Amino acid sequence: MLCKILGAPVDVGAGLKGCDRAPQALRAAGFAAALRRQGHRVADLGDAAQPRVRPISHPNAALKALPAVAAWTAALTDAAYAASADGLPIFLGGDHSMAAGTIAGLARRAAEARRPLFVLWLDAHPDFHTLDSSQSGNLHGVPLAYVCGRPGFAGYFPALAAPVDPARVCLFGVRSIDPAEADTLPATGMAVHDMRAIETRGVAALLGRFLERVRAARGLLHVSFDIDCLDPAIAPAVGTAVSRGIGLRDAHAIADILRDSGLVGSLDLVELNPALDAEGRTAALMIDLTTRLVGRAAGRTAGSDAA
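Remember, it's a predicted structure, so these values are computed and weren't measured experimentally.

Focus on the overall build of the protein
At step 1: Of the regular secondary structure elements, the protein holds ten helices and eight strands.
At step 2: Whereas a compact globule of 307 residues would reach a radius of gyration of roughly 19 Å, the protein reaches 18 Å, a difference of no more than 12%.
At step 3: When its C-alpha atoms are laid out on the principal axes, the protein stretches across 60 × 40 × 40 Å.
At step 4: Each of the 307 residues in the protein was classed as buried or not, and the buried ones make up 55%.
At step 5: Taking the intrachain contacts of the protein between residues at least 6 apart in sequence as the baseline, contacts between residues at least 24 apart amount to 75%.
At step 6: A total of about 12,500 Å² of accessible surface is found on the protein, and carbon and sulfur atoms cover 52% of it.
At step 7: Between the mean site of the 30 positive side-chain charges and the mean site of the 30 negative ones, the protein shows a separation of 7 Å.

Here is the structure:
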């Protein structure tokens, strides 16, 4: 398989700076080499270029870096659309605001192929605020609302070529939901699996049901993996850590189930903050989980790694 790496060095959507260095940190930690050891071809497309920013104002005075996030969204929409023409595009963030662009571009590609886009959102947070409802003003909290076509983004973010049906989204590992999000989510038809559901019903049952829907619809599956879905004990290098997250055993199970499904068509890796990753522990875990999810290339065996 051809794995296409595109860096999205974005940190303007987060409250704590540093995520913009994550693409380079993951490369330095051996991201591409790990994929090649699995037998895959790798094309590193470099980083998306810093976009030009135009002035934008909004009545919500709490919003931070709105012009920059809007510009990155437009740039990454085009870049993700281009990267998704073939192969498996892997987008290295960057904070989770980048998903506003990557998913918008992938949704356009899916619509042209006349196939529904499904999104597995692995995150401690739903990121389902609108520009009006955000109180923190950190715009890594809005991308899922935007790509699902929630009101309030017109005139600020780029117009969507193809909104994602929220009924085709699965939130997995959430455990920090703001009141405005809690009021909105139930009416969307979105599958929401918090940590209590995962602990009581298990990863395989919950994830399996969602993947069955993707397969039945001949859907395209995008996985947006925010490292803060994991417990901070195993993935500490995030700016918005939330306790009692997904543990290592379940993280491995999620990667294995996704690999065995053969459905994953694209991947976001977001919210790694290298400034908090002095020993490179979280970057190494992200690489391990990615190679586990992607699996070995067809015909590749465990003994074929020797060269």
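From this point, the narrative continues.
Digging into the sheet that holds strand S8 (residues 264-270)
At step 1: Overall, parallel pairing links the eight strands, which are arranged S2-S1-S3-S8-S7-S4-S5-S6 in an open sheet. Among the strands making up the open sheet, the edge pair consists of strand S2 (41-47) and strand S6 (191-194). Adjacent strand axes in the sheet meet at a mean angle of 15 degrees when their direction is disregarded.
At step 2: Pairing of strand S1 (residues 2-8) with strand S3 (residues 88-93), which is carried by six bridges, proceeds in the parallel orientation.

Observations concerning the nonpolar core
At step 1: Membership of the largest hydrophobic core comes to 53 residues, with the highest contact counts inside it found for Leu 120, Phe 172, Leu 221, Phe 225, Leu 230 and Leu 258.
At step 2: Not counting the four nearest positions on each side in its chain, Phe 225 is found in contact with Leu 122, Leu 230, Leu 267, Asp 268, Leu 269, Val 270 and Leu 289.
At step 3: Ranked by size, the runner-up nonpolar core spans 44 residues in total, among them Ala 99, Leu 117, Trp 121 and Phe 153.

A word on the pattern of salt bridges
At step 1: Scanning the entire structure with this criterion turns up eight salt bridges.
At step 2: Across the salt bridge formed by Arg 292 and Asp 256, the nearest N and O atoms sit 2.7 Å from each other. In this pair, Arg 292 is assigned in helix H10 (residues 281-294) and Asp 256 in helix H9 (residues 248-261), connecting sequence segments 36 residues apart.
At step 3: Residue Asp 256 is classed as buried on the basis of its relative accessible area, which comes to 17%.
At step 4: The salt bridge involving Asp 260 is made with Arg 259; its shortest N-O contact spans 3.1 Å.

Here's the deal with the pairing of S1
At step 1: Of all the seven residues making up S1, seven are buried; the element is thus mostly covered by neighbouring parts of the structure.
At step 2: Of the two faces of S1, the one carrying Leu 2, Lys 4, Leu 6 and Ala 8 and the one carrying Cys 3, Ile 5 and Gly 7 are both buried.
At step 3: In the sheet, S1 pairs with S2 via five bridges, with the strands oriented parallel. Each bridged residue has a counterpart across the sheet, and for Ile 5 the counterpart in S2 is Asp 44.

Thoughts on the side chain of Ser 224
At step 1: Mapped onto the elements, Ser 224 comes out in strand S7 (residues 220-226).
At step 2: Reaching out from Ser 224, the side chain makes a polar contact with the side chain of His 96 at a distance of 2.8 Å.
At step 3: Not counting residues within four places of it along the chain, the set of residues in contact with Ser 224 comprises His 96, Ala 99, Leu 120, Trp 121, Leu 122 and Asp 268.

Concerning the side chain of His 125
At step 1: Locating His 125 in the fold gives a position in the loop between strand S4 (117-122) and helix H5 (143-147).
At step 2: Leaving out residues up to four positions away in the same chain, His 125 has contacts with Val 174, Ser 176, Asp 228, Thr 240 and Val 242.

Looking at the packing of helix H3 (residues 66-83) against helix H4 (residues 99-112)
At step 1: With their axes 7 Å apart at the nearest point, H3 and H4 run at an angle of 40 degrees to one another. On the basis of their axis angle, the class for H3 and H4 is oblique. The way H3 lies across H4 gives a crossing that is right-handed. Residues Thr 73, Leu 76, Thr 77, Asp 78, Ala 80, Tyr 81 and Ala 82 of H3 lie in contact with H4, whose contacting residues are Ala 100, Gly 101, Thr 102, Ala 104, Gly 105, Leu 106, Arg 108, Arg 109 and Glu 112.
At step 2: Class assignment for the residues of the contact of H3 with H4 results in seven nonpolar, five polar and four charged.

Examining H9
At step 1: In a regular helix each residue adds 1.5 Å, so 14 residues correspond to 20 Å; H9 covers 20 Å between its end C-alpha atoms and thus fits that length.
At step 2: Of all the residues in H9, the buried ones are Ala 251, His 252, Ile 254, Ala 255, Asp 256, Leu 258 and Ser 261.
At step 3: As for H9, its buried residues are in contact with S4, strand S5 (169-174), helix H8 (203-216), S7, S8 and H10.
At step 4: Downstream of H9 by one or two residues, Gly 262 has phi in the positive range, about 70 degrees.

Let's talk about the packing of aromatic side chains
At step 1: If you walk through the whole model with that rule in mind, you get four aromatic pairs.
At step 2: Measuring from centroid to centroid gives 5.0 Å for Tyr 146 and Phe 157, while their planes differ by 70 degrees, and the two rings are edge-to-face. One end of the pair, Tyr 146, is in helix H5; the other, Phe 157, is in the loop between H5 and S5, and eleven residues separate them in sequence.
At step 3: A ring pair is formed by Phe 153 and Phe 157, whose centres lie 5.3 Å apart and whose planes are at 55 degrees; its orientation type is tilted.
At step 4: Linked through ring pairs, Tyr 146, Phe 153 and Phe 157 together constitute an aromatic cluster.
At step 5: Taking the ring centre of Tyr 81 as reference, the NZ or CZ of Arg 108 above it sits at 3.6 Å.

Conventions we followed
- Residues numbered from 1 in each chain as written.
- Predicted model: local features only at pLDDT ≥ 70, side-chain atom pairs only at ≥ 80, totals over all residues.
- Heavy atoms only, no water.
- Helix = DSSP H or I, 4+ residues; strand = E, 2+ residues; numbered from the N terminus.
- Rg over C-alpha atoms; globule rule 2.2 N^0.38 Å.
- Buried < 20%, exposed > 50% of the residue type's maximum accessible area, 1.4 Å probe, protein only.
- Contact = heavy atoms within 4.5 Å.
- Areas by Shrake-Rupley, 256 points an atom, 1.4 Å probe, with all protein chains shown as cover.
- Lys, Arg positive; Asp, Glu negative; His and termini not counted.
- Charge placed at Lys NZ, Arg CZ, Asp CG, Glu CD.
- Pairing = 2+ DSSP bridges.
- Axes fitted to C-alpha atoms, helices over the stretch in contact; angles between N-to-C directions.
- Core = buried A, V, L, I, M, F, W, Y, C linked by side-chain atoms within 4.5 Å.
- Salt bridge = Lys/Arg side-chain N within 4 Å of Asp/Glu carboxyl O.
- Polar contact = N/O pair within 3.5 Å; in protein donor to acceptor, adjacent residues only side chain to side chain.
- Parallel < 35°, antiparallel > 145°, perpendicular 65-115°, else oblique.
- Left-handed = near helix turned anticlockwise from the far one by under 90°.
- Nonpolar A, V, L, I, M, F, W, Y, C, P; charged D, E, K, R; others polar.
- Expected span 1.5 Å × (residues − 1).
- Phe/Tyr/Trp six-rings, centres within 6.5 Å; stacked < 30°, edge-to-face > 60°.
- Lys NZ or Arg CZ within 6 Å of the ring centre and 35° of its normal.

Everything listed here is a matter of geometry and, on its own, says nothing about what the molecule does.
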